[in-house]
Amino acid sequence: MVWLTVALFMTGSSLYGSAYTNSTTVFVPNDGDSPYTLAAIAENIGDINVFSYDAASHIAVCALNLSISGTLYIGKTDGSGNYNAGGNEEKLKMKDSTVHVITIYSNGTLLARGTQGTSGERRTSTDTLANEITTTTQTYPYTFRIVSHSGGLIKLYDTKVSWAGSGFWVYSDYDIERCQFYAYGHYAYGVEFDAVNATIKTFRDNYIGYTTANNRSALCWRSGTGGVPKGNVDIINCEFENDLIDYYAIGVRIIDCKFNSSNVATIVSTAIYPSRMEYRNCQFSADRRIAFVGANANSWLTCTFYLGGHIVKKQKPGLNVDLGDNDVIIEEKSSPTNQAAIYKFTGGSWSSGTNRASTGTDATGWTPSPTNEGAILLTEMTVTYPSSIVSNQYYYYNLKITNCPRGYFSYDYYRDCGSNYVTSISNAVGAGDKCMGPNWFRSNSAVPNPEPLINEPPTNGTWHIGMAPIIPSGIIVTIH
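Residues numbered from 1 in each chain as written. Predicted model: local features only at pLDDT ≥ 70, side-chain atom pairs only at ≥ 80, totals over all residues. Heavy atoms only, no water.

Asker: Honestly, the overall build of the chain in this entry has me stumped. Any pointers?
Answerer: A tally of helices and strands in the chain yields two helices and 43 strands. Looking at the chain residue by residue over its 480 residues, the buried ones come to 50%. When contacts within the chain are restricted to residue pairs at least 6 apart in sequence, those whose partners lie at least 24 apart make up 65%. As displayed, the chain has an accessible area near 20400 Å², and 48% of this comes from carbon and sulfur atoms. (Helix = DSSP H or I, 4+ residues; strand = E, 2+ residues; numbered from the N terminus. Buried < 20%, exposed > 50% of the residue type's maximum accessible area, 1.4 Å probe, protein only. Contact = heavy atoms within 4.5 Å. Areas by Shrake-Rupley, 256 points an atom, 1.4 Å probe, with all protein chains shown as cover.)

Here it is, written out as structure tokens:
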């Protein structure tokens, strides 16, 4: 048996079995011979006033803090972490006290797994999850939180997690999928990620709710200890019941997510530390409202959307036009300086921003969808906060086809379709076809939105292009 935390040998400890307690904490040690299930901990300790497990209801109640330097399994696992279809879903309830904490130390793992859902399918508020980690009642000012240290691991699948107070403090690897999160209490925030060096960073397909009007959100992305920015956090395919709060975070990307509140984001920065966030292909229930707190001119938020293009023969829309990989050109046309607001999926990742990118079509006439080679991502707007003034920057886009198949004229949206570039619906100044915005959202990022009439503005994020065929010169003879 290898012990990893000096605190395990505190005076006053009571050794009941491999798992044991001191006056305030139940310890789960790093013991490879003992798979620590909830039932095993209860059996090892042997004191129902400290840790109890009811085999009929599959409910464990922990009356102390929980400290993990090994692996604790909760729910439908086979004792090695794999899903067990024949296993039982369980509830771990932390008995109410002023503060209750589950702490995962280096080489420790908290692994909770409920009935296995489908990867890529987002949890909703109406889903019923029997696997659960919570307190016996969720009442403010009681605080329940989960803290992971560097070298630890949080793995949660198909599990409901409810807390009062601070939620998660994540300083380690994490893999959290298809879960429900609820915060109870006055301004109960959610998750602080300070795991910039983590190698496993997965947070997707989750539902984030709240329980009182005072809660701003069950999830608060507070990236960095003491306000020092940390980042590179991706939040993928999640549903938020309320807004998302971002403290000092760099590189937070909210991808393919849904927001049910009109309050979408609060960006918090300071004069020293900025905050930066991207909303990519997100669904909003109302106008996007972005609030800044702080005064750092390097803080910003961007809204980006996927672009689809369907290219057909103008006089015969049922005939698709197959173009080479780089024959469709997208340009950003802001004046006097073109902006680097276009991204291309290439080599397995999105490129750096550029003011000009090229892609192509296949036999269906469609440009690639994310995340396929050649997919295009456009920036609708960037919201910055210089000197206490919120400033919106909008972009202008044109599409051209110059290397044409034989028998077609070249194509230029600006030249051929009304001398307008495509820009945001929120752009109150300047000319342009103002059509970029929330309607560009795709419920399935791989499936393009419906297309408008040929050569009309791409109101849903699909550019429907009709290429005009060249009519050969000569004499047409009609015989009756």
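Don't stop here, the text continues.
Asker: Any chance you could explain the sheet that holds strand β11 (residues 132-135) here in plain terms?
Answerer: The strands making up a sheet associate through backbone hydrogen bonding, with each pair oriented either parallel or antiparallel. Strand order in this open sheet of 10 strands is β4-β5-β8-β11-β14-β17-β20-β23-β26-β29, and the pairing throughout is mixed. Bordering the open sheet on either side are β4 (51-54) and β29 (283-284), each of which pairs with just one other strand. Relative to β4, helix α1 (residues 38-45) is tilted by about 125 degrees, and along the sheet it contacts β4, β5 (59-62) and β8 (91-94). (Pairing = 2+ DSSP bridges. Axes fitted to C-alpha atoms, helices over the stretch in contact; angles between N-to-C directions.)

Asker: I tried to follow the environment of Asp 287 on my own but got confused; where do I start?
Answerer: Secondary-structure assignment places Asp 287 in the loop between β29 and β30 (289-293). Residues Asp 287 and Ser 261 lie 26 residues apart in sequence; the distance between their C-alpha atoms is 9.5 Å.

Asker: Sorry, what's going on with the side chain of Asp 205 here?
Answerer: Inspection of the secondary structure assignment puts Asp 205 in the loop between β19 (201-204) and β20 (207-208). The class for Asp 205 is buried, based on a relative accessible area of 0%. Dropping the residues within four chain positions of it, Asp 205 is found in contact with Ser 119, Gly 120, Glu 121, Arg 122, Arg 123, Arg 178, Cys 179, Ile 236, Asn 237 and Cys 238.

Asker: Mind showing me how you'd approach unusual backbone geometry here?
Answerer: Glycine aside, the phi torsion of most residues is negative, and most peptide linkages are trans. In the segment running from Ser 335 into Pro 336, the intervening peptide bond is cis, with an omega of 5 degrees. Mapping Pro 336 onto the fold places it in the loop between β33 (328-332) and β34 (342-346). Here Pro 370 and Thr 371 are connected by a cis peptide whose omega angle stands at -10 degrees. On the secondary structure map, Thr 371 appears in the loop between β36 (356-359) and β37 (376-384). For His 58, which is not a glycine, the phi torsion comes out positive at approximately 60 degrees. By the element assignment, His 58 lies in the loop between β4 and β5. When its relative accessible area of 19% is taken as the criterion, His 58 is described as buried.

Asker: Help me understand the sheet that holds strand β12 (residues 143-148), please; the structure alone is not making it clear to me.
Answerer: Reading across the sheet, the seven strands line up as β1-β2-β6-β9-β12-β15-β18 and stay open at both edges, with mixed pairing between neighbours. What marks the edges here is a single partner per strand, and that holds for β1 (20-21) and β18 (191-193). As judged from the two bridges shared by β1 and strand β2 (residues 25-28), these two strands associate in the antiparallel manner. Within the sheet, the bridge partner assigned to Thr 21 lies in β2 and is Val 26.

Asker: Explanation requested: the nonpolar core in the structure shown.
Answerer: Side chains of a nonpolar character, in soluble globular proteins, are inclined to be buried together. Core analysis: the biggest nonpolar cluster contains 67 residues, and Phe 51, Leu 66, Leu 92, Ile 102 and Tyr 279 have the highest contact counts within it. In terms of residue count, the dominant contributor to this core is α1 (four residues). With residues up to four places along the chain from it excluded, the contact list for Leu 66 reads Val 26, Val 28, Phe 51, Leu 72, Leu 92, Met 94, Val 101, Ile 102 and Thr 103. The next biggest cluster of nonpolar side chains, apart from the first, holds 28 residues, and it includes Ile 376, Tyr 395, Ile 401 and Cys 435. (Core = buried A, V, L, I, M, F, W, Y, C linked by side-chain atoms within 4.5 Å.)

Asker: For this particular structure, what's the right way to read the side chain of Thr 367?
Answerer: With respect to the helices, strands and loops of the structure, Thr 367 is situated in the loop between β36 and β37. Assessed through its relative accessible area of 12%, Thr 367 is described here as buried. Of the polar contacts made by the side chain of Thr 367, one reaches the backbone nitrogen of Gly 309; its length is 2.8 Å. Dropping the residues within four chain positions of it, Thr 367 is found in contact with Leu 307, Gly 308, Gly 309, Thr 359, Gly 360 and Thr 361. (Polar contact = N/O pair within 3.5 Å; in protein donor to acceptor, adjacent residues only side chain to side chain.)

Asker: Before we go on, may I ask you to explain α1 in this structure?
Answerer: It helps to recall that an α-helix has 3.6 residues per turn; residues three or four apart then point in one direction. Within α1, the full set of buried residues consists of Leu 38, Ala 40, Ile 41, Ala 42 and Ile 45. Note on α1: the residue one or two positions beyond its end, Gly 46, has a positive phi of about 70 degrees.

Asker: Got a minute to help me understand the pattern of salt bridges in this structure?
Answerer: Once their charged atoms are close, side chains differing in charge can pair, the charge on each being opposite to the other. A full pass over the atoms with the stated rule returns 12 salt bridges. For Glu 132, the salt bridge identified is with Lys 91, shortest N-O distance 3.6 Å. Pair noted here: Glu 132 is in strand β11 and Lys 91 is in strand β8, with a separation of 41 residues, a long-range link. Classification of Glu 132 by relative accessible area gives buried; the value is 11%. Owing to a relative accessible area of 22%, Lys 91 belongs among the partly exposed residues under this scheme. Salt bridges here are not isolated pairs; linked through shared partners, they connect Arg 123, Asp 127, Asp 158, Glu 177 and Arg 178. (Salt bridge = Lys/Arg side-chain N within 4 Å of Asp/Glu carboxyl O.)

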